[in-house]
Structures are given as structure tokens and as C-alpha cells.
Amino acid sequence: MYKYVARRLLLSIPVLFLSSLIIFGLMRVMPGDALTALMGESGNVGPKELEKLRKDLGLDQPYYKQYLIWAWQMVSLNPGYSIFTNEPIEVALKKSIPVTLELATLAMIMGLCIAIPVGVLSAIRQDRASDYTGRIVAISGLSMPDFWLGTLVITFAAIWFRWMPPLGYASLWEHPWTNLQQFLLPAAVLGFRLSAATMRMTRSTLLEVLREDYVRTAWAKGLGERIIIYKHALKNALIPVITLVGGQFGTLLAGTVIVETIFALPGMGRLTVEAILFRDYPIVQTNVMLVAITLVTLNLLVDLTYAWLDPRIRYQ
Amino acid sequence: MPTDDPRPIPVRHPVTRRDFLKRAGVATVGMTPLVAAASRARASAETSSPYPDWMPPSPKPPKRGKTLVRASAWDPPVLDPRLTNSVGLFQIASLTSSRLVRYPFSDEAANTTDLTLKGDLAESWQGSPDFRVWTFKLRKGVKWHNVPPLNGRELVAQDIKFCFEAYAKEGVQSFTFQEIEGIETPDKHTVRVHLKMPNTMFPQNLAEPVSVIFPREVLEEDGDLKKRMVGTGPFILKEHTRKVRVVLTRNPDYFDTGRPYIDEYHILSTPDAATRLAAFRSGQSDIHFVASVADAGAILKTTPTAVVQEYKTVQTVFGLALAQDKPPFNDVRVRRAISMAIDRQRQVDTLYGGHGILGWGIPYFYFQDKMPTAAQLGPWWQYKPAEAKKLLAEAGHPNGFESTLFYYEYFPEMTSQVQLVQQDLKRNLNIEIKISKLDYTTFFGRYADGKWDGMAWGFKTGYATGLDEQTYQYMHSKSTKNYWRFADPVIDELVTKLRKTPDRGEQRALTKKVLEREHDQVLRMWMPYDAGFLSWQPYLRNTGSLALRRNDGYGASTLARLWIDK
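Note that this is a predicted model, so its numbers are computed, not measured. (Residues numbered from 1 in each chain as written. Chains lettered and ligands numbered in written order. Predicted model: local features only at pLDDT ≥ 70, side-chain atom pairs only at ≥ 80, totals over all residues. Heavy atoms only, no water.)

Visitor: Help me get a handle on the overall build of chain A, residues and values and all.
Guide: Per the secondary structure count, chain A includes 13 helices and 0 strands. Each helix and strand of chain A, placed in order from N terminus to C terminus, yields the pattern α-α-α-α-α-α-α-α-α-α-α-α-α. If you line up chain A on its principal axes, its C-alpha atoms span 85 × 60 × 35 Å. Buried residues in chain A amount to 47% of all 316 residues. With an accessible surface of roughly 15900 Å², chain A has 69% of that area assigned to carbon and sulfur atoms. Between the mean site of the 28 positive side-chain charges and the mean site of the 22 negative ones, chain A shows a separation of 9 Å. (Helix = DSSP H or I, 4+ residues; strand = E, 2+ residues; numbered from the N terminus. Buried < 20%, exposed > 50% of the residue type's maximum accessible area, 1.4 Å probe, protein only. Areas by Shrake-Rupley, 256 points an atom, 1.4 Å probe, with all protein chains shown as cover. Lys, Arg positive; Asp, Glu negative; His and termini not counted. Charge placed at Lys NZ, Arg CZ, Asp CG, Glu CD.)

Shown next, in the form of C-alpha cells:
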């Protein structure tokens, strides 16, 4: 197993290198730069001043030099400064990562709390009313985009109850109650959407497993339904579900920009999208690399989980 | 609707679990028809505004205390007024920092278009007979905020000199301040500014919201002003956490003793428009801006106690910009034909519910007393497709031509507006336009670069208030703010003469000539525009916005006079 992990980690190096090249190149291909965004609608800046400011920000260097500087910063775990705000990227990340992590975790918990029981119920009560209800809920979750559901929830909460999650992010450790109020609705919106795919996957894989010979044998042996479903069938049915959930969690960590925007949460999504819009190269590059590293790590963790779920799986 | 709204403030009753479930059920069932009804309401919006555009000051004695909260779309990346003129910065800087002179606050103004200059840091000011030297006498005892590194030291004339020289040296204000030849400070409280050319309107330029005075110490210590904003204004910047909040706290040493009235002002970063509206409806935000009369009506439907002011537009800030230094747009006949082929009234009717203006680029009160009628805008502003086609044929394009148009969507109506123009030009002149919708940075970079071909959806900056800013600074061929890329010797002569003209009546006559020339040559093809509506909670007093000075943006300094009556 250690060999397997080491090989996977070595393989991730070219993946990350290629990702860095792609993101660096894409950012440079986009027209405009941080300076023009920073200047806003002023028009008072002559070409000489612009040139001076570009030099100050290192934007006049050849691309390969800019890339090498950035690559060294990443390797030495010192990603540098935001062009746009002059803030150390480390500080920006320290502010935004906990927000996204909390939102993603809560959303995953909510999503799984809905998806697994409903998926199991749907499978064991196939083609009955509860199955149809579960499937309708799942289809609704898949059909309703985050931006629509989020806007609707916040609008009608304000109209009907004169309430909405408090604005102005509060830290979980300093103001836990306010923080919880701020995160519950967005996590529910995200969780509802995530639960749809997970519920469908749980239902279909469980249905498949329930038709396996060993399950039939278990029934024949006279084992109770609860033991057959939860001990024998569900554990095996969860392998594709774990793969799906791993991917979902990676996507959530990469940034849930729409929900963060609607609920005014200062997470990774908002940080990255704003950085893209304002051509804040160092922030975008660092964030994308972080996402790439997170996805590589999550994939590895998901693969390692298989053996725990199914002891027959061996890593070579 | 008076500022002191007599309607009672609703008492909030706690919502029980039973109530909650009942209402949630009804809400879910009611969503679809409500959404549908909202869209119908928009389509059948009234064609004129039922809201007042002028809010008289409150006659009650002001109360001290409380916190004002506003959900804001703007989140300034940096706090350096030399680097950006963005409204996000000046919603804060207008409150932390002072200018030498300023325009009246809402409780001092005689009406929304009252632009009588008032002293801010300057107690008095005087121009020399040739208007090349301006002397400003500063208030005595004005203190910088009592925070490091200033620690409440007295503001002196040297501070003004340093600040103006720094503006001239680099950054977005350099064009304005480079007209200064030299600055003298004969004593601690006198600033004498020598200009390179006469300018009777120089104090107006110093009253622009962007001409705030910043301290030498911060610039010298930090090398820039990106992170700290220290001033002499009514509020002290207590916290600036990007994407979260800005907290401004009352400056106890503000030179206007007794003011400001509120203890704190919280600006909460809220990028989504629906969330800002929800914040207003739920009482989390005290001030909210909407763009259309239908939206203003929707607010009152769900929040009947809200006070709504129509923020009447006095000029247009967007229009069709043409690369008029190149063919075919360097031919005035082509520009006139295009202008006559566009049905501006249709835009007003369909996009702004009949509530917008047809479009002109200089605030009307600088050249006449009332809003211009369609006829007053001149022959090329009338919708005459047949004549337009004839004129284009005379210019050598009987079969039209192809062109491009790039834009950034500043607000949703803009996309429809661009498409209406595209349709009009195709239908009436067979001009085929390929539209590119760009993100802000790409748009701004390309537009400001000034080397684009074809057409762009042009703009002028939102902060401009004074006549010099509106004319010389935007229209002179040598100005870096002349985005519309025209070089018209007649305009150059007129706007330069305007600077030398002290008499208000003559200024109006000259401004009218500038406008007529601009319209005759179709130098800037302004398009219809609607300013919008400001709503606020009923307990706010002295909240009104004034022409060109919205209290949530560049006109935020007026919040020094706001008080909370609850």
C-alpha cells in the first residue's frame, strides 16, 4: 500500500506541473491586466504612468521569468502578494479557506443526511410511493440551479419572515450562533443539490447489490432486513457513492462562488472569481494550484477508502 | 412623501414555530404565481414616477447615536485615492476625508440642483483678477483623526500642498492637478495655488468627491495609501475587511462640532442585488438603491414603511462611442445618419418604463432651467430613418456597412439597449453590427486604450459634478479623459473660453454652445438613461440625495448630517 501511495504521489507531480503551466498561460492569454481594472473609470492615467506602475508590479518581465518567480514562490510555500490589493496571498487564503471549508463540510453533511436514507428507502421500496417521492425530490434537486434556489430562499425569507441570514461574516470560533445562522441556509441550498445526485447513485447501486447472489443467500439464511441492508448490501453499494462524494467535496472546496455571492460569504469562490475578473494573476494561479492539489489528494483518499469498504480490494 | 414619514414603524412580533410552518407552506405554494405576478407588474409599470425627487431636511432636532447599516455592492480593493476613482472607494473616503471646498449637503441645499460651493477645510477662497491664482484660507484647529501615525495633529497648509503635488505626480488625478504651476503656503493656514492657465472653475475641481486630502505621514510610512485611510472627515475608518465589512466610527474631533450624529456606519459587502434587497426588506440594511420604477413599486409592496426618493437623472452617462478618428465614423454625415436611425424614445418606453431621459451629456442645469425636450436636442437626435438612409447614401454608404461594438454590462437594461441599437441600425441603414459583451477588465482596458475600431458603448465617469469636469476635462482634445476620441477645434476653443468666464450667465450661454456643437457634430452619441430610486427605512432623517450626488456613492459625505430617529 505504501508503494501505491508513493507512486500516486509521484504521478501527481507532472499533473500539478501541467496544471501550473495551463493556468499561467490562460491568465496571460486573457486581455487586460490588473492595472486597468485597478484604475477604474478614471482615464487620468497617461501611458508613462501606466508603464511605471506595470514595472512596479513586475508585469513588464518576460513570461518565463514571471512563471519561474511564481513557481519558486509556490514551491517555497510563499505565494507572494495580490497585485490588486497588495495583501499577502497567504492572508487572503487564511481568511477564505475556513469559510469554504465550513460551507462545504456543512453542505456535505446535510447532503448525505438527506441522500443516504432517502436513497436506501427508495431502493428497498422500489416503485412504491416513497420511491417515487424520493426520485421526484432528487430530480428537483438536480433541476434547480443554486443561483435560483439561493435567491428564492433569501427573497422569500425576507418577505415572509422579515429575516435573512445575518450579513457580515462572523467567525465560527468568535460568534458561533451568528456563524451558524449565516451558514445553515447556504449549506442547505448546496446540500439539497448535492443530495440529489448522491441519492440517485445510492438508490441505483443498492438496487444492483440487492440483486447479488450473496444478498439472496442472506435472505435465504433468514437474516433480518436491517442486517442485510446496512451490514451486507449498503457497505458494498457505497463504493461508487464515495467516489461521487469525493468529487463533490473537491468541487465544493474549489469554490461555490454563486452561493457564496448570494449569501455574501467571503470564501474561496468569491476570491478566485474576483481575482479572475481583475486579472490578479498570483491569486488565481495560487488558488487553482490549491484546487489541483486538493483534488489529487481527495482522489487518493477516495481510492484508499475502497479497501476499507471492501477488504477484497488490494493496492499494488 | 415627506422625510419625516408619519406612518408608524411596524412592531415586530416573534414568529412561533406554528406560524413559521404555516407561512413556509404558503410561501412554497405561492412562489410561482408571485414570481409570475412580479414580471407582469414590471411590464405594466406606470410611465411616470409617483415618488418625490426632493426630500426637505427634517425640522426635528437631531438625535445623536445609533448605527447606520447599508448592504453595498461595492468593495474597494485598495484605499488609495491616487490609484482609483472607483465609487467603492469614495463611499468610504467621502466620509473619512475632507476636501478644501464641497457642494452642499442635503440639509443645506435649496433644491437638488443647488451646487453652491461651501467651505470644507477652507473657510474662504478667492481668485485673482485673472483667475490664475487661487487663495484658500483654511479653518483653524482642524485635526487629523486621532489614530497613528497622525495622532490628531493639526492640519496645516503644507498638508494641502503635499497632497496636491502628490496627486499631480502620479495616479488617476494627475491630469486635474497638473494644471497647477506652483503652490505657496505663506502661513500655516493659507494656501495659494498658481495655475498654468486661468480657470474660474478651479474650486469646483477641488470640490469633486475624488479630490480628498490625504496625509503625508501615511504615504511616507507605507509608500502608498492602499491600506490605511486617515483624514479629517466626520468618520474614522475602524475596520476594512474586504468582502465582509467596512466600519466607520464617529470622529469626536470633527471640526463641524456636534456632527456627525450617528455613532457608526457599517457598509456590508453584498455583491448580489437580490440579497441587498432582502437585507433592506428584513431591516438589516437601512438604505437601498433600485434602478427602475417597477422595482421601487415592488419595494413598497413588500416594505410599505420604506421611504422612496426618485433620484432624477440630469444627464446621460452612457452612449454609442464611435472610432471617429477613422473612416467611416470620421465623416459627420455617417455619425448624423446613425444618430437619426436610432429610436431613442423606444428605448425609454421599453427599457425604462417611459421613465428615462433621451440623452444629453452635460447636466442640463448648466445651460438651462428645465430638462431639454426632444426638439431642443437638435435635428440629429430626432428619429428619422428615411432621412438617415439618404444621408448615409450621400456619405458613400448606400448599402450600409459592417462594424463591431463592444460593451460591458453595467446594468441589465444595457444589453437590451445595445441590441435595440443593433436592430435599428440594421433595419434602417443596413449597418451590420457584431456585438461583443466583455468582462469589465477587458472592456475597460480596450476602451481606455483608445485604439479600438468600430463602436463601443461609451461612458463618462460617475463622480463628475462641476462644469469644468463636465466640459474641459472630458471634451478637450488634449484631455486624458476624452474617451470618445474627438478632437474638435471649436469645442477646444469653447471649453477653454468657458474656463476663463466668471459670469454665471455667460457660462450658461457658452455651455449651451458647447452642447449645440457637440450635438451638431454628433461627437458623443448619448443614449437614454434612467437614474433610479433610493429607498430607506422610515427612521432615517436628512437622507435625501442630490443631483449628481447619491448618498450611497460619491455623495456619501452628506451622511455627516444624517440622524436616526428611533
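Visitor: Describe in detail the sheet that holds strand S1 (residues 67-72) of chain B, supporting the description with residues and values.
Guide: All names here are of chain B. As summarised here, the arrangement of the 4 strands in space is S1-S10-S9-S8, forming an open sheet in which the pairing is mixed. Edge positions in the open sheet fall to S1 and strand S8 (235-241), since each of these has one partner strand only. Ignoring which end each strand starts from, the neighbouring axes of this sheet average 15° apart. Of the pairings in the sheet, the one linking S1 to strand S10 (residues 264-269) comprises 6 bridges and is parallel in character. In the sheet register, Val 69 faces S10, and the bridge partner there is His 266. (Pairing = 2+ DSSP bridges. Axes fitted to C-alpha atoms, helices over the stretch in contact; angles between N-to-C directions.)

Visitor: Give me the layout of surface pockets: which residues, what numbers.
Guide: Roughly 800 Å³ of volume is contained in the second largest pocket. In terms of lining residues, the second largest pocket is bounded by 42 residues, among which Glu 87 and Lys 95 of chain A together with His 240, Thr 241 and Arg 242 of chain B are the most central. Contributions of two or more residues to the lining of the second largest pocket are made by helix H5 (89-124) and helix H12 (268-277) of chain A together with S8 of chain B. The residue makeup of the lining of the second largest pocket, split by class, is 21 nonpolar, 7 polar and 14 charged. (1 Å grid on protein atoms, 1.4 Å probe; cavity = no way out; pocket = protein on both sides within 12 Å on 5 of 7 lines; lining within 4 Å. Points joined across faces, edges and corners; volume = space filled by probe spheres on them. Nonpolar A, V, L, I, M, F, W, Y, C, P; charged D, E, K, R; others polar.)

Visitor: Describe the packing of H5 of chain A against H12 of chain A, with residues and values.
Guide: Residues and elements named next belong to chain A. For the pair H5 and H12, the least separation of the axes is 7 Å and the interaxial angle reads 130°. Classified by the angle their axes make, H5 and H12 are oblique. Contact residues: Ala 92, Leu 93, Ser 96, Ile 97 and Thr 100 in H5; Met 268, Gly 269 and Leu 271 in H12. Here the contact of H5 with H12 is composed, by residue class, of 5 nonpolar, 3 polar and no charged. (Parallel < 35°, antiparallel > 145°, perpendicular 65-115°, else oblique. Contact = heavy atoms within 4.5 Å.)

Visitor: Pulling in residues and values, what's your account of the pattern of salt bridges?
Guide: Applying the stated rule across the entire model yields 52 salt bridges over all chains. For Asp 213 of chain A, the salt bridge is made with Arg 216 of chain A, and the minimal N-O distance between the two is 3.1 Å. Of the two residues, Asp 213 of chain A and Arg 216 of chain A are both situated in helix H9 (residues 213-220); the distance of 3 residues between them amounts to about one turn of the helix. By relative accessible area, which is 53% here, Asp 213 of chain A ends up exposed. Arg 216 of chain A sits in the exposed class, given a relative accessible area of 52%. Here Arg 64 of chain B and Asp 263 of chain B are joined by a salt bridge, their closest N and O atoms 3.0 Å apart. Taken together, the residues Arg 64 of chain B in the loop between helix H1 (17-43) and S1 and Asp 263 of chain B in the loop between strand S9 (245-250) and S10 connect sequence positions 199 residues apart. Residue Asp 263 of chain B is classed as partly exposed on the basis of its relative accessible area, which comes to 30%. Each of Arg 102, Asp 107, Glu 108, Asp 120, Asp 256, Arg 259 and Arg 561 of chain B takes part in a single network of salt bridges with overlapping partners. (Salt bridge = Lys/Arg side-chain N within 4 Å of Asp/Glu carboxyl O.)

Visitor: Outline the nonpolar core, listing residues and values.
Guide: All names here are of chain B. By size, the foremost hydrophobic cluster in this structure holds 150 residues, and its most contacted members are Leu 320, Ile 338, Leu 425 and Tyr 447. Per-element tally for this core: the top contributor is helix H3 (residues 157-169), with 8 residues. Setting aside residues up to four positions removed in sequence, Ile 338 forms contacts with Leu 320, Phe 329, Leu 425, Leu 429, Ile 431, Met 455 and Met 525. (Core = buried A, V, L, I, M, F, W, Y, C linked by side-chain atoms within 4.5 Å.)

Visitor: Mind laying out unusual backbone geometry, listing which residues take part and the relevant values?
Guide: The omega torsion across Pro 148 of chain B and Pro 149 of chain B is 0°, close enough to zero to call that bond cis. Here Pro 149 of chain B shows up in the loop between strand S5 (133-138) and H3. Of the consecutive residues Arg 259 of chain B and Pro 260 of chain B, the connecting peptide bond is found in the cis state with omega at 0°. The topology assignment puts Pro 260 of chain B in the loop between S9 and S10. Of note in this structure, Arg 162 of chain A is not a glycine but carries a positive phi near 50°.

Visitor: Report on the sheet that holds strand S7 (residues 190-195) of chain B, specifying residues and quantitative values.
Guide: Residues and elements named next belong to chain B. The antiparallel open sheet is built from 4 strands, whose spatial order is S4-S5-S7-S6. At either end of the open sheet lies a strand with only one pairing partner, and these are strand S4 (122-127) and strand S6 (180-187). Ignoring which end each strand starts from, the neighbouring axes of this sheet average 20° apart. Direction of pairing for S6 relative to S7: antiparallel, over a ladder of 5 bridges. Within S7, the position partnered with Asp 187 by the bridge is Thr 190. Contacting S5, S6 and S7, H3 runs over the sheet at an angle of about 170° to S6.

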